[in-house]
Amino acid sequence: MRSDSRLSRMLHVLLHMARHDAPYTSEQIARMLHTNPVVVRRTMAGLRQAGYVRSEKGHGGGWSLACDLAQVSLLDIHRAVGGPRLFAIGNEMENPECGVEQVVNAALDDALRQAEALLVERLGRIALSDLARDFDVLCRERGWDAKLAAQAQACEEMQAGDA
């Protein structure tokens, strides 16, 4: 089963946007993510609707941040991109009268509820500004300028998408 990477991909894009002075076009983001611009526009529309990004049409237009990174959590982004259920595993419902199925489902339901509550709580505590800060720390440790590093990495990712 293929995992859903919308959250990590959009976090990636948002952090690049935080270190970029100009808007990114859907085509640039698509090259960065190795996907189609239509997929980018569809995903970014949820972020725009939530007020996290804005878009401008025409020459010099594109997508840019419209939020304070400290006010937006990873959970907010997950919800804005229409993220699926956090866990893909679930219960068998072939024979709901079966006692074995009932006890197995009860155990799994309880474990999944607890795990999802923990993950939701954790994602809700991490702000985009925390990721930006961690990126800045990484850049300092490696002797990189954070803005230049993000722009260079974005360019490399886009060029790799053209190859």
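Before reading on, note that the structure itself is shown above.
If you're wondering where the values come from, they're calculated on a predicted model, not measured in any experiment.

Caption draft 1: View of the overall build of the protein chain. Per the secondary structure count, the protein chain includes 7 helices and 2 strands. Ordered by position in the sequence, the α and β elements of the protein chain form the string α-α-α-β-β-α-α-α-α. Sequence separation of at least 24 residues holds for 64% of the intrachain contacts in the protein chain that already meet a minimum separation of 6. Surface summary for the protein chain: the accessible area is close to 10000 Å², and the carbon and sulfur share equals 53%.

Caption draft 2: Spotlight on the pairing of strand E2 (residues 62-65). Sheet analysis places strand E1 (residues 53-56) next to E2, joined by 4 bridges and oriented antiparallel. Paired with Arg-54 across the two strands is Ser-64, which belongs to E2. Remark: 5 residues form the turn of the hairpin made by E1 and E2, two consecutive strands paired antiparallel; Gly-58 in that turn has positive phi of roughly 90°.

Caption draft 3: Spotlight on the nonpolar core. In terms of nonpolar packing, the biggest core is built from 29 residues, with Met-10, Leu-14, Met-17, Ile-29, Met-44, Leu-47 and Ile-77 touching the most fellow members. Residue assignment for this core shows that the elements contributing at least two residues are helix H1 (6-18), helix H2 (26-33), helix H3 (37-49), E2, helix H4 (74-80) and helix H6 (128-142). With 6 residues, the single largest contributor to this core is H1. Excluding anything up to four places from it in sequence, Met-10 contacts Leu-33, Thr-43, Met-44, Leu-47, Ile-77 and Val-81.

Caption draft 4: Up close: the environment of Ser-26. Position of Ser-26 among the secondary structure elements: in helix H2. You can call Ser-26 buried: its relative accessible area is 7%. Along the sequence, Ser-26 and Val-40 sit 14 residues apart, while their C-alpha atoms lie 6.0 Å from each other. With residues up to four places along the chain from it excluded, the contact list for Ser-26 reads Pro-37, Val-40, Arg-41 and Trp-63.

Caption draft 5: The packing of H1 against H6, seen in detail. Running from amino to carboxyl end, H1 crosses H6 at an angle of 65°, the nearest separation of the two axes being 10 Å. Judged on the interaxial angle alone, H6 and H1 are roughly perpendicular. In terms of crossing hand, the pair formed by H1 and H6 is right-handed. Within the contact between the two elements, H1 uses Leu-11, Leu-14 and Leu-15 and H6 uses Leu-128, Leu-131 and Ala-132. Class assignment of the residues belonging to the contact of H1 with H6 gives a composition of 6 nonpolar, no polar and no charged.

Caption draft 6: Structural context of the pattern of salt bridges. What the rule picks out here adds up to 5 salt bridges. Across the pair Asp-136 and Arg-19 runs a salt bridge, and its minimum N-O distance is 2.7 Å. With Asp-136 in helix H6 and Arg-19 in the loop between H1 and H2, this pair connects stretches of sequence that are 117 residues apart. With its nearest N and O atoms 3.2 Å apart, the salt bridge here joins Asp-130 to Arg-133.

Caption draft 7: Here's a closer look at the packing of H2 against H3. At a minimum axis distance of 8 Å, the contact between H2 and H3 shows a crossing angle of 105°. The pairing of H2 with H3 is recorded here as roughly perpendicular in orientation. Of the residues in H3, those touching H2 at Ser-26, Glu-27, Ile-29 and Ala-30 are Pro-37, Val-40, Arg-41 and Met-44.

Cut-off values and rules
- Residues numbered from 1 in each chain as written.
- Predicted model: local features only at pLDDT ≥ 70, side-chain atom pairs only at ≥ 80, totals over all residues.
- Heavy atoms only, no water.
- Helix = DSSP H or I, 4+ residues; strand = E, 2+ residues; numbered from the N terminus.
- Contact = heavy atoms within 4.5 Å.
- Areas by Shrake-Rupley, 256 points an atom, 1.4 Å probe, with all protein chains shown as cover.
- Pairing = 2+ DSSP bridges.
- Core = buried A, V, L, I, M, F, W, Y, C linked by side-chain atoms within 4.5 Å.
- Buried < 20%, exposed > 50% of the residue type's maximum accessible area, 1.4 Å probe, protein only.
- Axes fitted to C-alpha atoms, helices over the stretch in contact; angles between N-to-C directions.
- Parallel < 35°, antiparallel > 145°, perpendicular 65-115°, else oblique.
- Left-handed = near helix turned anticlockwise from the far one by under 90°.
- Nonpolar A, V, L, I, M, F, W, Y, C, P; charged D, E, K, R; others polar.
- Salt bridge = Lys/Arg side-chain N within 4 Å of Asp/Glu carboxyl O.

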